[in-house]
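A structural walkthrough
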Amino acid sequence: MITPKLKQFLSIALLLALLIGVSYRSFSSQSAPSPTLHGDTAHPAKTQGWVDTHLYFGLGPADAPERGVSEAAWRDFLDKEVTSRFPAGLSVVDVYGQWQGKEEKVPERIRSKMLIIDYLGTADNDRRIEAIRAAWKQKTGDQSVMKVTQPADVSF
């Protein structure tokens, strides 16, 4: 025998199931957003062909900040070698990095800076990026400056 409370519960459960089904059908029938990059509609020509480059600079041992490149020396390098080549702007983020050589028992922990520059992807700008990397290696004796570049959807 169905009691009035059970009847009320089943009615509410049925109503909820119908609402959920209608909501799901409405949501799933909508088209998914396009992954295409659209740029800045106000300045479309100014945003085509841009790239986002991250450069990683090792400053020295994480556990010995007195060794390696100081903040003052980093800022001097940034002003002379980077800002002079990309005066329109950039970002710098303090990062912690580590790596472990094949023959090493423990990883080397490194104070680092990540430089983020967004720019029009041209051969001239690519040369500027490579000049920054070369200047750092010459200044510090480091073997590398890691570079990661990808297309950017830019808007101003």
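The coordinates are above.
Chains are numbered independently. Their residues run from 1 in the order of the written sequence. The predicted origin of the model limits local features to residues at a pLDDT of at least 70 and limits the giving and counting of side-chain atom pairs to 80 or more, whereas totals for whole chains, interfaces and linings rest on all residues. Processing note: side-chain calculations cover all non-hydrogen atoms of the structure and skip hydrogens and water entirely.

1. Quick word on the layout of surface pockets
Here a cavity denotes a set of grid points, spaced 1 Å apart and computed over the protein atoms alone, in which a 1.4 Å probe fits but from which it cannot get out, and a pocket denotes an open set meeting protein on both sides within 12 Å along at least five of seven lines; residues with an atom within 4 Å of a point are reported as lining. Grid points are joined across faces, edges and corners, and a volume is the space filled by probe spheres set on the points. Empty space within the largest pocket amounts to approximately 550 Å³. Residue lining of the largest pocket: 21 residues in total, with Gly 58, Trp 99, Ile 110, Asp 142 and Ser 144 positioned closest to the centre. Each helix is a run of H or I in the DSSP string that is no shorter than four residues. Each strand is a run of E no shorter than two, and both are numbered from the N terminus. For the lining of the largest pocket, the secondary-structure elements that each account for two or more residues are β1 (50-61), β2 (91-99) and β3 (108-120). Charged residues are taken to be Asp, Glu, Lys and Arg, nonpolar residues to be Ala, Val, Leu, Ile, Met, Phe, Trp, Tyr, Cys and Pro, and polar residues to be all remaining types, Gly included. Residue composition of the lining of the largest pocket, grouped by class: 10 nonpolar, 9 polar and 2 charged. Here the second largest pocket defines a volume of roughly 160 Å³.

2. So, the sheet that holds β1
Here the rule is simple: two strands pair whenever DSSP picks up at least two bridges between them. Spatially, the 4 strands line up as an open sheet ordered β2-β3-β1-β4, and their pairing is antiparallel. Looking at the sheet topology across the chains shown, the edges are occupied by β2 and β4 (146-151). Within the sheet, the average angular offset between the axes of one strand and its neighbour, ignoring direction, is 25 degrees. Where β2 and β3 come together, 9 bridges link them in antiparallel fashion. Bridged to Ser 91 within β3 is Ile 116. Residue contacts are defined here by distance: any two heavy atoms, one from each residue, within 4.5 Å place the two residues in contact. Under this scheme, a helix contributes an axis fitted over its contacting stretch, all axes are lines through C-alpha atoms, and angles between N-to-C directions fall in the 0 to 180 degree range. Each of β1, β2 and β3 is contacted by helix α2 (residues 71-83), which is oriented at about 25 degrees to β3, the strand it contacts most. Lying on the sheet, helix α3 (residues 123-140) is in contact with β1, β3 and β4; it crosses β1 at an angle near 0 degrees.

3. Considering the nonpolar core
To define a nonpolar core, start from buried Ala, Val, Leu, Ile, Met, Phe, Trp, Tyr and Cys residues and group those joined through side-chain atoms within 4.5 Å. Any residue under 20% of the maximum accessible area for its type is buried, any over 50% is exposed, and the rest in between are partly exposed; the area is computed with a 1.4 Å probe on protein chains only. Counting 18 residues, the largest nonpolar core has Phe 57, Trp 74, Phe 77, Ile 117, Ile 132 and Trp 136 as the members making the most contacts within it. When contributions to this core are tallied by element, the ones reaching two or more residues are β1, α2, β3 and α3. Residues in contact with Ile 117, not counting those within four places in the same chain, are Val 51, Asp 52, Thr 53, Val 82, Phe 86, Gly 89, Leu 90, Ile 129 and Ile 132.

4. Section: the environment of Gly 68
With respect to the secondary-structure elements, Gly 68 resides in the loop between β1 and α2. With 72 residues separating them along the chain, Gly 68 and Thr 140 place their C-alpha atoms 8.5 Å apart. Apart from residues lying up to four places away in sequence, Gly 68 is in contact with Leu 59, Gly 60 and Arg 111.

Purely spatial values, then, with no claim about function.
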